[in-house]
Amino acid sequence: MRGRRRDLWWTVTVTGFLTVLAFLVYPLATVLVTSFSGEDKRFVLAANYERFFTHRYYYSSIINSLYLSTLATLGALVLGTSLAFAVTRYPLPGKALIRAAANLALLSPPFIGAYSWVVLFGRMGLVNRILGEFGWSLPTIYGWRGILLVFVVQYFPFVFLLVSAALRSVDQSIEDAALSLGSPPRRAITTAILPILAPSLTAGGLLVFMGTMADFGTPMIIGEGLRTLPTLMYGEFMNELGGNPAMASTLGSLLILVNTSALLAQRYYAFRKAYNVVCIQPLRVKRTTRRRLLALTVFSYAVVGVALIPALTIIVSSFMPTRGPVMYAGFSLQSYETIFFRIPRAIANTFGLTAAAVVLDVVLGVLVAYLLARRRSRAHALLDSLIMLAYAIPGTVVGVGLIVVYNRPPLILTGTWVILLVSYFIRHLPYPVRSCTAMLQQIDIRVEEASVSLGVPPFRTFVKVTIPLMFPAIISGAALAWMTTIGELSSSILLYSGPWATMSVAIFTEVFSNHFGTASALASILILAAFLPLFLTYRVLGERSALGV
Amino acid sequence: MTRVRVQGIVKRFGDTAAIDGVSLDVRPGELFTLVGPSGCGKTTLLRIVAGLLDQDAGSVLFNEDRMDDIPPYLRNIGVVFQSYAIFPHLTVAENIAYGLKARRVPADRIAAKVAEVGRLVQLEGLMDRMPSQLSGGQQQRVVLARALVIEPRLLLMDEPLSNLDAKLRVQIRSLIRAVQRELQITTVYVTHDQEEALAISDTIAVMDRGRVLQVGKPWELYLTPGSRFVADFIGTMNVFHGRLEGSAAAAGPRPMVTTFGERWQVCATGASGAQIAVGVRPESLTLERGANADEVWNSLTGTVVEAAYLGAVVRYQVHVANGLSATAEIHNPDFAAIRAVGDRMTLWFGANRAVLLPESASEA
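About the cut-offs
- Residues numbered from 1 in each chain as written.
- Chains lettered and ligands numbered in written order.
- Predicted model: local features only at pLDDT ≥ 70, side-chain atom pairs only at ≥ 80, totals over all residues.
- Heavy atoms only, no water.
- Contact = heavy atoms within 4.5 Å.
- Buried area = accessible area lost by both parts, 1.4 Å probe.
- Salt bridge = Lys/Arg side-chain N within 4 Å of Asp/Glu carboxyl O.
- Polar contact = N/O pair within 3.5 Å; in protein donor to acceptor, adjacent residues only side chain to side chain.
- Helix = DSSP H or I, 4+ residues; strand = E, 2+ residues; numbered from the N terminus.
- Nonpolar A, V, L, I, M, F, W, Y, C, P; charged D, E, K, R; others polar.
- Pairing = 2+ DSSP bridges.
- Axes fitted to C-alpha atoms, helices over the stretch in contact; angles between N-to-C directions.
- Parallel < 35°, antiparallel > 145°, perpendicular 65-115°, else oblique.
- Domains from an automatic or database assignment.
- Patch = residues over 30% accessible without salt bridge, like charges linked within 9 Å, V, L, I, M, F, W, Y side chains within 5 Å.
- Areas by Shrake-Rupley, 256 points an atom, 1.4 Å probe, with all protein chains shown as cover.
- Lys, Arg positive; Asp, Glu negative; His and termini not counted.
- Charge placed at Lys NZ, Arg CZ, Asp CG, Glu CD.
- Buried < 20%, exposed > 50% of the residue type's maximum accessible area, 1.4 Å probe, protein only.

Let's talk about the interface of chain A and chain B
Phase 1: With 21 residues of chain A in contact, the opposing surface of chain B contributes 28 residues.
Phase 2: When chain A packs against chain B, close to 2,200 Å² is buried across both sides, 60% of that on carbon and sulfur atoms.
Phase 3: Linking chain A with chain B are one salt bridge.
Phase 4: In this structure, the connection of chain A to chain B is made through five residue pairs in polar contact (both at pLDDT 80 or more).
Phase 5: Looking at the side of chain A that touches chain B, the elements with two or more residues in it are α20 (445-453) and α21 (458-486) of chain A.
Phase 6: Here the element with the most residues in the side of chain A that touches chain B is α20(A); it accounts for seven residues.
Phase 7: Across the side of chain A that touches chain B, the residue classes tally to eleven nonpolar, three polar and seven charged.

Digging into the sheet that holds strand β9 (residues 203-208) of chain B
Residues and elements named next belong to chain B.
Phase 1: Read from one edge of the open sheet, six strands run β6-β7-β8-β3-β9-β10, paired in mixed fashion. On the outer flanks of this sheet lie β6 (77-80) and β10 (211-216), each paired with one strand and no other. When strand polarity is set aside, the average angle formed by the axes of neighbouring strands in this sheet is 15 degrees.
Phase 2: Sheet analysis places strand β7 (residues 154-158) next to strand β8 (residues 187-191), joined by four bridges and oriented parallel. When the sheet's bridge partners are listed, Leu 156 is paired in β8 with Val 188.
Phase 3: Relative to β7, helix α1 (residues 42-50) is tilted by about 150 degrees, and along the sheet it contacts β3 (31-35), β6, β7, β8 and β9.

Re the packing of helix α5 (residues 110-121) of chain A against helix α13 (residues 290-318) of chain A
All names here are of chain A.
Phase 1: Contact geometry of α5 with α13 gives a least axis separation of 9 Å together with a crossing angle of 70 degrees. Overall, the two elements α5 and α13 adopt an arrangement that is roughly perpendicular. Here α5 contributes Ile 112, Gly 113, Tyr 115, Ser 116, Trp 117, Val 119 and Leu 120 to the contact with α13, which in turn contributes Val 306, Ile 309, Pro 310, Thr 313, Ile 314 and Ser 317.
Phase 2: In terms of residue class, the contact of α5 with α13 is built from nine nonpolar, four polar and no charged.

Quick notes on the domain arrangement of chain B
Residues and elements named next belong to chain B.
Phase 1: In terms of domains, chain B is made up of domain 1 (4-230) and domain 2 (236-356).
Phase 2: Here domain 1 and domain 2 have C-alpha centroids that lie 39 Å from each other.
Phase 3: Each partner contributes residues to the interface: domain 1 has six residues there, and domain 2 has seven residues.
Phase 4: Both sides of the domain 1 and domain 2 interface together cover about 490 Å² of buried area, and 48% of this is carbon and sulfur.
Phase 5: Taken together, the connections running from domain 1 to domain 2 amount to zero salt bridges.
Phase 6: In this structure, the connection of domain 1 to domain 2 is made through two residue pairs in polar contact (both at pLDDT 80 or more).
Phase 7: A total of three residues in the side of domain 1 that touches domain 2 trace back to one element, the largest contributor, which is helix α7 (residues 218-223).
Phase 8: Within the side of domain 1 that touches domain 2, the residues separate by chemical class into four nonpolar, one polar and one charged.

Here's the deal with a positive patch on the surface
Phase 1: On the surface, Arg460(A), Lys464(A), Lys101(B) and Arg104(B) cluster together to form a positively charged patch.
Phase 2: The topology assignment puts Lys464(A) in helix α21.
Phase 3: What makes Lys464(A) partly exposed here is its relative accessible area of 32%.

The following block contains the structure:
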């Protein structure tokens with residue numbers, strides 16, 4: 001509007017650009033450039049890529065990653081969509097319970113899920129030891145089967161929540177129209193309802209695909225040497241014989257390529273398939289036979305039951321007496337004692353860094369979201385895309401990029417806590433930005449103009465009117481950022497040093513040194529810490545706090 | 001009371017001029033309406049007067065004060081928006097008190113003024129409600145009270161009634177008019193509804209494509225529209241074309257020959273042989289020639305193609321010639337006034353009821 005107003009928002013624009021350029025674009029660009037550099041740092045066109053695609057040791061990683069992510073995506077889509085249909089359309093008992101369980105299942109980071117399956121079904125696992133007493137044994141949980149199991153179980157709740165939300169916005173008249181035009185019920189679903197769900201289905205699928213592509217901890221813990229892009233990238237970068245940043249960057253560039261392609265493909269598809277659905281009367285809950293209903297109930301509870309196994313296993317095992325990887329029946333606080341005496345620093349680090357990152361995310365997120373929603377220009381559209389880039393870039397790649405850029409003058413951040421904070425902050429900035437822009441689009445700009453016309457200057461209007469109206473979005477954006485930051489492993493494992501290890505790093509190293517008890521105790525605290533804001537959000541905001549991913 | 005002058009305002013969005021050189025003079029205490037089809041620039045002009053939008057050229061003056069560099073929050077105006085723009089997180093009383101708090105009015109004065117204005121717009125008993133618990137009409141009264149309570153120099157209303165149902169619209173319209181008269185606040189009112197404009201305004205400006213076509217009292221616009229556009233937009237107008245005859249020097253009505261061959265007498269100036277258009281309102285067409293012998297009467301004959309009997313009125317659509325039909329409204333019709341579709345029908349109008357419609361450049 002007027003000159004005096006331009007100043008503040010101009011500052012926000014510049015700050016937003018500088019932040020994203022310094023902490024995301026420049027590191028990623030450096031990774032891309034490094035992937036083309038030779039051993040003596042000269043420019044070698046595609047030599048690293050040639051090496052990648054001609055050596056089985058390297059190219060098997062991209063095959064494994066694509067294979068696992070594709071299967072995991074399909075599995076999560078089938079499971080999540082089936083559960084969404086069962087819960088939305090049939091009179092199952094305890095629907096709220098199923099929804100709550102699906103939400104809870106999202107709380108533990110995937111690598112903790114992987115670890116919990118090892119606790120249960122691993123070589124020294126609880127189930128195998130019990131079965132072993134009878135002379136039985138199960139097929140191995142390690143390798144690609146285990147990874148796939150963890151991926152599907154960890155990620156299907158995303159699909160379930162997204163598709164459920166979409167199903168609730170489909171009007172009954174759409175199904176009625178399809179039926180009245182002569183489609184049998186099954187065809188009415190595939191021809192009339194599924195197409196309307198297409199944007200949500202693809203959004204869910206994308207989330208699963210990108211998440212599993214980027215997952216570093218799961219294949220490390222349960223893969224037993226199976227190479228995926230992120231694990232091989234970590235290995236190449238952190239090699240004890242002196243890392244190979246060029247090859248690590250090549251792997252990172254391929255990860256960026258795969259994930260951004262998936263993201264763009266989904267955006268393009270969903271943009272073309274976006275329907276405006278006006279829902280006056282939601283889909284009816286169908287009546288069905290008792291046998292069918294029983295089958296659906298068993299199915300639904302079994303699915304969410306399996307999804308909750310990791311968290312339950314972790315919490316129960318954290319109270320069991322342990323020696324190394326072996327757990328015994330009984331109750332003990334020994335694991336908690338150990339962590340509070342031996343690694344209290346990691347707990348403090350995690351909470352401190354996460355809180356700081358979330359506060360920064362929310363402050364910048366709210367301001368940037370306001371710019372994006374209210375002052376849309378070409379520059380702001382670009383800023384939006386750059387911030388959203390963080391969504392698609394795996395933590396391992398961000399970590400390598402930050403190290404390469406900030407371990408040399410003028411700004412040396414490696415070895416300090418600042419570099420962890422930077423990674424947490426930039427990677428989770430999209431959550432408050434997304435939730436707040438979505439909310440702002442529903443807030444009538446005339447409300448702000450009314451305030452200005454009544455004599456309240458623009459910035460005070462922003463504080464007195466806009467912020468209170470955005471409050472639910474601010475809280476849910478902050479809760480999402482908190483939940484995803486607190487268990488972050490893939491960049492922490494690269495960026496931490498000495499005293500700045502976080503809980504996720506500590507869990508990881510405890511698992512690898514076979515201290516399962518302390519790993520469980522740390523993981524329990526992590527799950528609880530992730531759960532708290534979600535719980536508080538529900539208490540404060542009630543139904544308004546939709547978990548918009 | 002504030003006189004508002006708008007001088008040579010131009011506002012461009014990209015290549016198109018949303019406001020293309022508009023000047024207006026709003027007298028102190030009057031209700032001045034901007035009316036026109038959607039996209040004519042009326043809301044844009046209102047937002048410029050409010051200061052919510054900057055003009056590319058021209059000035060806005062409140063009395064002798066030039067407002068061009070004054071931001072909206074210092075203009076002391078009350079704005080009522082089409083979408084209400086109620087503060088959803090504040091109660092009714094807090095909504096109304098909002099502007100007073102910004103002006104640092106003492107709390108007891110705020111309470112008294114809020115109660116007073118609440119009474120004025122009939123909101124007693126609803127003061128502690130949240131906006132979500134209010135009906136559309138009640139919300140509209142809240143935002144009206146919120147705008148009035150600050151005793152603005154100027155009240156600006158942007159289609160305030162368009163989200164209400166027909167009955168409420170008439171109720172709130174009377175309320176707005178009564179309150180505005182009582183407080184004598186200069187008001188600029190925007191609507192696309194010509195009936196609303198006629199009913200509520202002291203003065204109306206008809207806008208089209210960024211320009212003001214005509215400014216006048218409601219009856220001036222209706223009875224003597226200055227252009228074809230105004231004639232069509234305010235009410236309904238039958239338009240007939242023809243050739244003017246007779247001498248320009250002669251006093252009284254002059255003969256014309258219509259495109260369908262009728263010879264009429266009309267009040268017009270111009271050279272003999274000039275092509276002219278005359279407009280006749282549907283209610284000016286009657287079934288019989290009037291009794292007044294001094295008046296000159298014209299007639300046209302055609303076939304009834306549509307007849308709508310509405311009790312107080314019967315409305316006929318009469319096919320006069322190829323591609324030309326006339327609408328006639330016969331008020332208080334008796335049995336003799338009833339015609340069926342397909343009947344031949346002759347309609348009369350007094351020569352002084354026909355208006356000459358100049359074809360101006362801004363016409364569609």
